[in-house]
Amino acid sequence: MTRNHVEVWHERVLPSGPERIRFWTVLRGSLLPILVWTGVACFAYFVYHPLVAAVLGGLFALSFIVGFGLRRRARHSVRCSVYGALGGVLDKSMAGF
């Protein structure tokens, strides 16, 4: 922790408990990966074959389902699991770029 974090904590700028995050906030924070993967899927669809774009979408869906299942197994709520799985898939998929 830095000194600034400690000062912010002691001044109670941070909320005292967990805050509800809306789905739009998750999407807005993940706008760049969404745009990149939409562009990649469109490129694959028009240049190669629609099947390539379908496979890419299937990999994304599979990663989402696995992430959701792991979070539910760890006893997270459904909302937390959906948001975490979506954010996790988009975060990890951009690691290669």
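Residues numbered from 1 in each chain as written. Predicted model: local features only at pLDDT ≥ 70, side-chain atom pairs only at ≥ 80, totals over all residues. Heavy atoms only, no water.

Caption draft 1: Local environment of the packing of aromatic side chains. On inspection of all chains with the given rule, the structure shows 4 aromatic pairs. Judged by centre distance (5.1 Å) and plane angle (90°), the ring pair of Tyr45 and Phe46 falls under edge-to-face. Residue Phe46 is classed as exposed on the basis of its relative accessible area of 67%. (Phe/Tyr/Trp six-rings, centres within 6.5 Å; stacked < 30°, edge-to-face > 60°. Buried < 20%, exposed > 50% of the residue type's maximum accessible area, 1.4 Å probe, protein only.)

Caption draft 2: Examining the pattern of salt bridges more closely. Applying the stated criterion across every chain yields a total of 1 salt bridge. For Lys92, the salt bridge is made with Asp91, and the minimal N-O distance between the two is 3.3 Å. Residue classification places Lys92 among the exposed positions, given a relative accessible area of 62%. Among the residues examined, Asp91 registers a relative accessible area of 49% and is labelled partly exposed. (Salt bridge = Lys/Arg side-chain N within 4 Å of Asp/Glu carboxyl O.)

Caption draft 3: Region of the structure containing the environment of Val82. Considering the arrangement of structural elements, one finds Val82 in helix α5 (residues 78–93). Judged by relative accessible area, Val82 falls into the partly exposed class, the value being 26%. Separated by 10 residues in sequence, Val82 and Arg72 have C-alpha atoms that sit 9.3 Å apart. Other than its neighbours up to four places away in sequence, Val82 contacts Phe64 and Phe68. (Helix = DSSP H or I, 4+ residues; strand = E, 2+ residues; numbered from the N terminus. Contact = heavy atoms within 4.5 Å.)

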